[in-house]
Amino acid sequence: MYLLEVLSGPLDGKTWPFEREITIGRDEAVAQACLALDRYVSRQHARLRNDDGAICLTDLRSRNGTRLNGKPVTGDVPLPLGVPFTVGRTVLRVTRA
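Residues numbered from 1 in each chain as written. Predicted model: local features only at pLDDT ≥ 70, side-chain atom pairs only at ≥ 80, totals over all residues. Heavy atoms only, no water.

Caption draft 1: Seen up close, the packing of aromatic side chains. Under the counting rule described, the total for this entry stands at one aromatic pair. The ring of Tyr-40 carries Arg-89 above its face, with NZ or CZ at 3.9 Å from the centroid. (Phe/Tyr/Trp six-rings, centres within 6.5 Å; stacked < 30°, edge-to-face > 60°. Lys NZ or Arg CZ within 6 Å of the ring centre and 35° of its normal.)

Caption draft 2: Quick look at the sheet that holds strand β7 (residues 66–68). Ordered by their spatial adjacency, six strands build an open sheet running β2-β1-β11-β10-β7-β8, and the pairing between neighbours is antiparallel. Each of the sheet's edge strands pairs with one partner strand only, and the pair in question is β2 (15–18) and β8 (71–72). When strand β10 (residues 85–87) meets strand β11 (residues 90–96), the two strands line up antiparallel, connected through three bridges. Bridge pairing in β11 places Val-87 opposite Thr-90. (Pairing = 2+ DSSP bridges. Helix = DSSP H or I, 4+ residues; strand = E, 2+ residues; numbered from the N terminus.)

Caption draft 3: Here's a closer look at unusual backbone geometry. If you check the backbone angles, Asp-52 has positive phi at about 55° while not being a glycine. When you line up the elements, Asp-52 lands in the loop between β5 (46–51) and β6 (54–59). Judged by relative accessible area, which is 78%, Asp-52 ranks as exposed. Even without a glycine there, the phi angle at Asn-69 is positive, about 55°. (Buried < 20%, exposed > 50% of the residue type's maximum accessible area, 1.4 Å probe, protein only.)

Caption draft 4: Geometry of the sheet that holds strand β9 (residues 76–78). Read from one edge to the other, the open sheet built from five strands follows the order β4-β3-β5-β6-β9, with strand pairing classed as mixed. With partners counted over all chains shown, the strands left at the sheet margins are β4 (33–34) and β9, one partner each. Two strands pair when backbone bridges link them, and strand β3 (residues 21–25) and β4 are joined in this way by two bridges, in the parallel orientation. By the bridge assignment, Gly-25 is partnered in β4 with Cys-34.

In short, geometric facts, not functional conclusions.
Here it is as structure tokens:
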């Protein structure tokens, strides 16, 4: 079990548990981790996927992009646990629950 946590942004401190996959976005109809208060987040912005114990981060062709270590995310990118990444103007991280 993993925990997606907001480190800074309008929902600072908010968390979402997930096991296999979670979609991050602005629309709660299509995103399990809804960041509706960040207007720079796309409807379906990014996805986190547990790939045999390794977390993969994917940008879903969002308008404002997803950044990891200050660089744009393209394709599936390995995401080490605890390393912050940015979606819109919200900083998040994944830890073990």
